[in-house]
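# Descriptive structure summary
Residue-level listing of the chains:
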Amino acid sequence: MTTSTTAPAAPTRDTAAPAALQLEGVRVAYPDGRHADGSPRTATALDDAQIAVDRGEFTVVLGPSGSGKSTLLSVAAGLVVPDVGRVLVEGVDLAGLEEQPRTAVRREQVGIVFQQPNLLPALSVIDQLMVTAHLSGLRGRRLRAQRDSALELLERVGMAEYANRLPHELSGGQRQRANIARALFTRPAVLLVDEPTSALDHDRARSIVDLLLAITRELSVATIMVTHDDEFADDADQVIRLRDGRIQPQSA
């Protein structure tokens, strides 16, 4: 694969260290009505998925609608527990955890960028990042430190000058940049990105992917981006193609 010239190359993989994100033999099936004899029927969304993504590595997931892309992200985020297999984030198996500790790992170690930036309409850009700090009761020096960190991150994604604007005052690309900053605010090990360019024109889409690639390198985060656009496969260190829930061989 080729990598973008706007960011340094991915680090050389240390095979002795675990990947930031690993899926091992993951299978997920959903109820799908009943057979003619009345017995339950299931549809397999993922079948024996094997994935490893290192910190600093940019992975693109491609596949048609219904191929299992959304399920893969949901499993990687710990939102869906697989029927079979392991999902490891920084060596911790999410599939083996109860709901509360699994939620804690997701909150601290996994950032999620949704397809539609679900920004809270009444909050400024910086407060989109700071809302958790406020809700957790931080005050004084600790709150100021969090705000400084938020401003630094907004500067990194090109949004510092818009820190006090509300979502309706932003363009689509600016809202997506704010969405990315919010996902990165906890400094996660893993960044999961769901179709971030689907509502953007080509130039804005290109700038968002370039930003994600640069952040992947500079913040040493393991990024998985689901996209429908084959163009962005050229930027990836690893391309995963899904069809009917199965990862296709690279030669397919």
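Under an unreviewed UniProt entry, the chain has the name ABC transporter ATP-binding protein and belongs to Candidatus Brachybacterium merdavium.

Attention now moves to the overall build of the chain. Of the regular secondary structure elements, the chain holds six helices and ten strands. Each principal axis of the C-alpha distribution contributes one length, and for the chain these read about 60 × 40 × 40 Å. Looking at the chain residue by residue over its 252 residues, the buried ones come to 44%. Of the contacts formed within the chain by residues at least 6 apart in sequence, a portion of 74% connects residues at least 24 apart. Carbon and sulfur atoms make up 48% of the accessible area of the chain, which totals about 12,500 Å². Both charge centroids of the chain, one from 27 positive and one from 33 negative side chains, sit 6 Å from each other.

So, about the sheet that holds strand S1 (residues 21–34). In spatial order, the strands read S2-S1-S4-S5; together these four strands make up an open sheet with antiparallel pairing. Strands with a single pairing partner mark the edges of an open sheet, and in this sheet they are strand S2 (40–53) and strand S5 (92–93). Where helix H1 (residues 69–76) meets the sheet, its contacts fall on S1, S2 and strand S4 (84–89), and the angle it forms with S1 comes to roughly 125°.

What follows concerns the nonpolar core. Core analysis: the largest hydrophobic core is formed by 41 residues, its most contacted members being Phe58, Leu154, Met159, Ile180, Leu191, Leu212 and Met225. Residue contacts for Leu212: discarding those within four places in its chain leaves Phe58, Ile180, Leu191, Val193, Pro196 and Met225. Counting 28 residues, the second largest nonpolar core, distinct from the first, contains Leu21, Leu23, Leu73 and Ile224.

Time to look at the sheet that holds strand S10 (residues 246–247). Within the open sheet, the six strands sit side by side as S6-S7-S8-S3-S9-S10. Their pairing is mixed. One side of each edge strand has no neighbouring strand; the edge strands of this open sheet are strand S6 (110–113) and S10. Across the sheet, H1 lies against strand S3 (58–62), strand S7 (190–194), strand S8 (222–226) and strand S9 (238–243), angled at about 155° from S7, the strand it touches most. Together, S6 and S7 form the strand contacts of helix H5 (residues 172–184), whose direction differs from that of S6 by roughly 165°.

It helps to recall that an α-helix has 3.6 residues per turn; residues three or four apart then point in one direction. Taken residue by residue, helix H2 (residues 99–109) has Arg102, Val105 and Arg106 as its buried positions. For H2, the arc enclosing every buried residue in end-on projection is 100°, short of the 170-degree limit, so these residues lie on one face. At its buried positions, H2 is contacted by S4, S5 and S6.

Most of S3 sits out of view: five of its five residues are buried. In S3, alternate side chains face the same way, and those of Phe58, Val60 and Leu62 on one face and Thr59 and Val61 on the other are all buried. Sheet topology note: the S3/S8 ladder contains four bridges and is parallel. For Phe58, the partnering residue across the bridge sits in S8 and is Thr223. In this sheet, S9 lies alongside S3 in parallel orientation, the contact comprising four bridges. Counted as the bridge partner of Leu62 is Arg241 from S9.

Let us look at the pattern of salt bridges. Applying the stated criterion across every chain yields a total of eleven salt bridges. Residues Asp201 and Arg204 are paired through a salt bridge, measuring 2.7 Å at the closest nitrogen-oxygen approach. For Asp201, a relative accessible area of 38% corresponds to the partly exposed category. Asp237 serves as the salt-bridge partner of Arg217, at 2.8 Å between the closest nitrogen and oxygen. With a gap of 20 residues between them, Arg217 in helix H6 (residues 202–218) and Asp237 in the loop between S8 and S9 connect regions that are remote in the sequence. With relative accessibility at 10%, the residue Arg217 sits in the buried group. Accessibility expressed as a relative area gives 22% for Asp237, which makes it partly exposed. Each member of the salt-bridge network shares a partner with another, and the members are Arg206, Asp210, Glu231 and Asp235.

Within the secondary structure, Gly85 sits in strand S4. Under the relative-accessibility criterion, Gly85 is labelled partly exposed at 28%. Sequence separation between Gly85 and Gly25 is 60 residues; the distance between their C-alpha atoms is 4.7 Å. Gly85 has contacts with Glu24, Gly25, Val26 and Ala95, leaving out every residue within four places of it along the chain.

Rules behind the numbers
- Residues numbered from 1 in each chain as written.
- Predicted model: local features only at pLDDT ≥ 70, side-chain atom pairs only at ≥ 80, totals over all residues.
- Heavy atoms only, no water.
- Helix = DSSP H or I, 4+ residues; strand = E, 2+ residues; numbered from the N terminus.
- Buried < 20%, exposed > 50% of the residue type's maximum accessible area, 1.4 Å probe, protein only.
- Contact = heavy atoms within 4.5 Å.
- Areas by Shrake-Rupley, 256 points an atom, 1.4 Å probe, with all protein chains shown as cover.
- Lys, Arg positive; Asp, Glu negative; His and termini not counted.
- Charge placed at Lys NZ, Arg CZ, Asp CG, Glu CD.
- Pairing = 2+ DSSP bridges.
- Axes fitted to C-alpha atoms, helices over the stretch in contact; angles between N-to-C directions.
- Core = buried A, V, L, I, M, F, W, Y, C linked by side-chain atoms within 4.5 Å.
- Arc of directions from axis to C-beta.
- Salt bridge = Lys/Arg side-chain N within 4 Å of Asp/Glu carboxyl O.

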